[in-house]
Amino acid sequence: MKYTSDVPTTTLQLKTPDGPCTTELAVPDGSGPWPAVIVFTDAAGLRPAQTRIAERIARSGYAALQPDLFHRSPPLETFLGEPPTLVAMRTVFQDPELKAKFMAGYYGPALDYGNLERTIGALLDHVAGRPDVRGGVGMTGYCMGGNACVRAATIFGKRIAAAAAFHPGWLVTEQPDSPHVRASTIGARLYLAPATGDLAAESEGKLRAELDARQVRYEIEHYAAGHGYAVDDSPVYDPVFAERHYAALDRLFGQTLRA
């Protein structure tokens, strides 16, 4: 699929049990109906780089909805003191005090299972009521959003047809809420594309064991690229692997959302 910027994109204020959630909606030209794809942002949140990803997905014939996973927190720009980008976030992760504040005030609430259930549940209800949406629901996520995407797949079971995670972090941890230990509730087909260093061999073995035991349909494909390869404001953005990721989404969603 070839990216163009003439995709109709609007902003919704999605009603959730925890207040409004700013949500971007990008759709192809025409009146639809189209299958829906939920896009989970990385740790820098909603911004032009992520909008371009949603628009690119929409151009292939999907209604792409991108919720602000930080809607319970103060605006990220206020925390950063500048517009959010992955370059700005690098400064946060290099400062132990700032990192701790971000993890407690933004990252943790965004990935909390209960919070995801309320936010994405409201979004799925919204999608179900849209006359311009029909077919299966897919999801894709990046870094933090990849983790959130897999977590959402464990929450919503067969309401999700397919879920993809690109350069995801911490899919396998020693914590009791690690995504991999909840594989039994996944109904979606999974495509996981870790970057170099994202998924160690031991962690991958644990993840595969859980997915196999629960008979989850999945593919794990390692990309020989840096963490952040698919997002164009990342210092390690790689256009070759970004295109590979779009091709993978085309294949995954084409096989699952239009059946």
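Structure: see above.
Residues numbered from 1 in each chain as written. Predicted model: local features only at pLDDT ≥ 70, side-chain atom pairs only at ≥ 80, totals over all residues. Heavy atoms only, no water.

Asker: Can you explain the overall build of the protein? Please cite residues and give values.
Answerer: Each helix and strand in the protein was counted, giving 8 helices and 8 strands. Scaling as 2.2 N^0.38, a compact globule of 259 residues should have a C-alpha radius of gyration of about 18 Å, and the protein matches this with 17 Å. Each principal axis of the C-alpha atoms in the protein carries an extent, and together these give about 50 × 45 × 40 Å. Expressed as a percentage of the 259 residues in the protein, the buried residues total 53%. Long-range pairs, those at least 24 residues apart, make up 74% of the contacts in the protein between residues at least 6 apart in sequence. Taken as a whole, the protein presents about 11,000 Å² of accessible surface, with 53% of it coming from carbon and sulfur. Charge centroids of the protein, computed over 25 positive and 29 negative side chains, lie 6 Å from each other. (Helix = DSSP H or I, 4+ residues; strand = E, 2+ residues; numbered from the N terminus. Rg over C-alpha atoms; globule rule 2.2 N^0.38 Å. Buried < 20%, exposed > 50% of the residue type's maximum accessible area, 1.4 Å probe, protein only. Contact = heavy atoms within 4.5 Å. Areas by Shrake-Rupley, 256 points an atom, 1.4 Å probe, with all protein chains shown as cover. Lys, Arg positive; Asp, Glu negative; His and termini not counted. Charge placed at Lys NZ, Arg CZ, Asp CG, Glu CD.)

Asker: Residues and numbers for the pattern of salt bridges, please.
Answerer: Across all of its chains, the model carries 14 salt bridges by this definition. We note a salt bridge from D18 to R72, for which the minimum N-O separation is 2.8 Å. Remark: R72 occurs in the loop between β4 (63-67) and α2 (76-80) and D18 occurs in the loop between β1 (9-16) and β2 (19-26); sequence separation between them is 54 residues. Here D177 makes a salt bridge to R151, at a shortest N to O gap of 3.8 Å. With D177 in the loop between β6 (162-166) and β7 (189-193) and R151 in helix α6 (residues 144-156), this pair connects stretches of sequence that are 26 residues apart. Relative accessible area serves as the criterion here: at 36%, D177 is assigned to the partly exposed category. (Salt bridge = Lys/Arg side-chain N within 4 Å of Asp/Glu carboxyl O.)

Asker: Can you tell me about the nonpolar core, naming the residues and giving the values?
Answerer: Ranked by internal contacts, the top residues of the largest apolar core, which has 87 residues, are F40, I57, F102, M139, Y142, F166 and Y229. Among the elements that make up this core, the one with the highest residue count is α6 (7 residues). Ignoring sequence-local partners within four residues, the contact set of F40 consists of L69, L116, I120, M139, T140, G141, Y142, G145, A148, C149 and A152. (Core = buried A, V, L, I, M, F, W, Y, C linked by side-chain atoms within 4.5 Å.)

Asker: So what's going on with the sheet that holds strand β3 (residues 34-40)? Which residues, and what values?
Answerer: Spatially, 8 strands are ordered β1-β2-β4-β3-β5-β6-β7-β8 in an open sheet, and the strand pairing comes out mixed. Strand pairing shows two members of the sheet lacking a second neighbour, β1 and β8 (218-220), which therefore form its edges. With strand direction ignored, the average angle separating the axes of adjacent strands in the sheet is 20°. Pairing geometry for β3 and β4, over 3 bridges, is parallel. Bridge pairing links A36 to A63 in β4. (Pairing = 2+ DSSP bridges. Axes fitted to C-alpha atoms, helices over the stretch in contact; angles between N-to-C directions.)

Asker: Account for the packing of helix α5 (residues 113-128) against α6, naming residues and giving values.
Answerer: With their axes 10 Å apart at the nearest point, α5 and α6 run at an angle of 75° to one another. Accordingly, the angle class assigned to the pair α5 and α6 is roughly perpendicular. Counted together, Y113, L116, E117, I120, G121 and L124 of α5 and A148, R151, T154, I155 and F156 of α6 form the full contact between these two elements. Of the residues in the contact of α5 with α6, the class split is 7 nonpolar, 2 polar and 2 charged. (Parallel < 35°, antiparallel > 145°, perpendicular 65-115°, else oblique. Nonpolar A, V, L, I, M, F, W, Y, C, P; charged D, E, K, R; others polar.)

Asker: So what's going on with unusual backbone geometry? Residues and values would help.
Answerer: Omega for the peptide link from G32 to P33 comes to 5°, which places this bond in the cis form. Here P33 shows up in the loop between β2 and β3. Phi at W170 takes a positive value of approximately 55°, unusual for a residue other than glycine. On the secondary structure map, W170 appears in the loop between β6 and β7. The class for W170 is partly exposed, based on a relative accessible area of 49%. Within the chain, Q215 stands out as a residue other than glycine whose phi angle is a positive 60°. Relative to the helices and strands, Q215 is located in the loop between α7 (201-213) and β8. The exposure class of Q215 is exposed, given its relative accessible area of 72%.

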